[in-house]
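# Structural features, examined
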Amino acid sequence: ALPIYSFSDAVQKLAPKGPVYPVYTTSTPVINAASSCVSSDVVVVGNLEVHAYATAANEARYSIKDSTNGSFLASNNLLGAGEQVKVVAVNNVAFIFYSSGATINLRRVSLTMPEVAETVVPVANNLNTSGKVWDVETVQNKIFLAYNSSVAGARLRIVGINADGTEIGRASCRERV
């Protein structure tokens, strides 16, 4: 710590004000090859950080970082075309959702084999493109996707997904007229 002083006009002297501590900032790159990011999300599972992001080039990508040693288990891996991303984790598997046009896609990534994303699964194909509002949440090892649908009369749609990636079911809320 370094001492800090202020000048007193009344007595024309420097007066001690206490210590000042240096601040050292650090940064860790997560997006290695993209110049900008338009959407991002992160989930932490133990010592692993799963970062999902959409680039300005309309690409959905992910990186997985070990926070204990700073190494990347997966770095800037392409998922597909995408404008918005959300990531959640259940049972050591990352569920990465990304929207492209009116479609919301899902790719699962096992955190024990993070370099390999499973085949893309279109979860919804009627996302309202004029108001792309959607989110993903986990409840008791199940994943729920809620989104603003383009279907007239049933704007709010919900899709439930089990931890193994199978669909539980679908629901919609009807608009009152």
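Residues numbered from 1 in each chain as written. Predicted model: local features only at pLDDT ≥ 70, side-chain atom pairs only at ≥ 80, totals over all residues. Heavy atoms only, no water.

Below, the discussion takes up the sheet that holds strand S12 (residues 142–148). Consider a sheet: its strands pair through backbone hydrogen bonds, and that pairing is either parallel or antiparallel. In spatial order, the strands read S11-S12-S13-S14; together these 4 strands make up an open sheet with antiparallel pairing. One side of each edge strand has no neighbouring strand; the edge strands of this open sheet are strand S11 (134–139) and strand S14 (167–173). Taking the axes of each pair of neighbouring strands and ignoring which way they run, one obtains an average angle of 15 degrees across the sheet. By the bridge criterion, 6 bridges tie strand S13 (residues 156–161) to S14 in an arrangement that is antiparallel. Residue Ile161 lies in a different strand from S14, and its bridge partner there is Glu167. (Pairing = 2+ DSSP bridges. Helix = DSSP H or I, 4+ residues; strand = E, 2+ residues; numbered from the N terminus. Axes fitted to C-alpha atoms, helices over the stretch in contact; angles between N-to-C directions.)

Attention now goes to the pattern of salt bridges. The full count for this structure, using the stated rule, is 5 salt bridges. Taking the shortest distance from any N to any O, the salt bridge between Arg108 and Glu118 comes out at 2.9 Å. Of this pair, Arg108 sits in strand S9 (residues 103–110) while Glu118 sits in the loop between S9 and strand S10 (121–124), and the two are 10 residues apart along the sequence. Exposure remark for Arg108: the relative accessible area of 14% places this residue in the buried category. Its relative accessible area of 40% is what places Glu118 among the partly exposed residues. (Salt bridge = Lys/Arg side-chain N within 4 Å of Asp/Glu carboxyl O. Buried < 20%, exposed > 50% of the residue type's maximum accessible area, 1.4 Å probe, protein only.)

This part is about the sheet that holds strand S3 (residues 37–45). Reading across from one edge, S3-S4-S5-S6 is the order of the 4 strands in this open sheet, with antiparallel pairing throughout. Among the strands making up the open sheet, the edge pair consists of S3 and strand S6 (72–81). Recorded for the sheet is a direction-independent mean angle of 15 degrees between the axes of neighbouring strands. Relative to strand S5 (residues 59–66), strand S4 (residues 48–55) runs antiparallel, the two being bridged by 7 bridges. Bridge assignment links Ala54 to a residue of S5, and that residue is Ala60.

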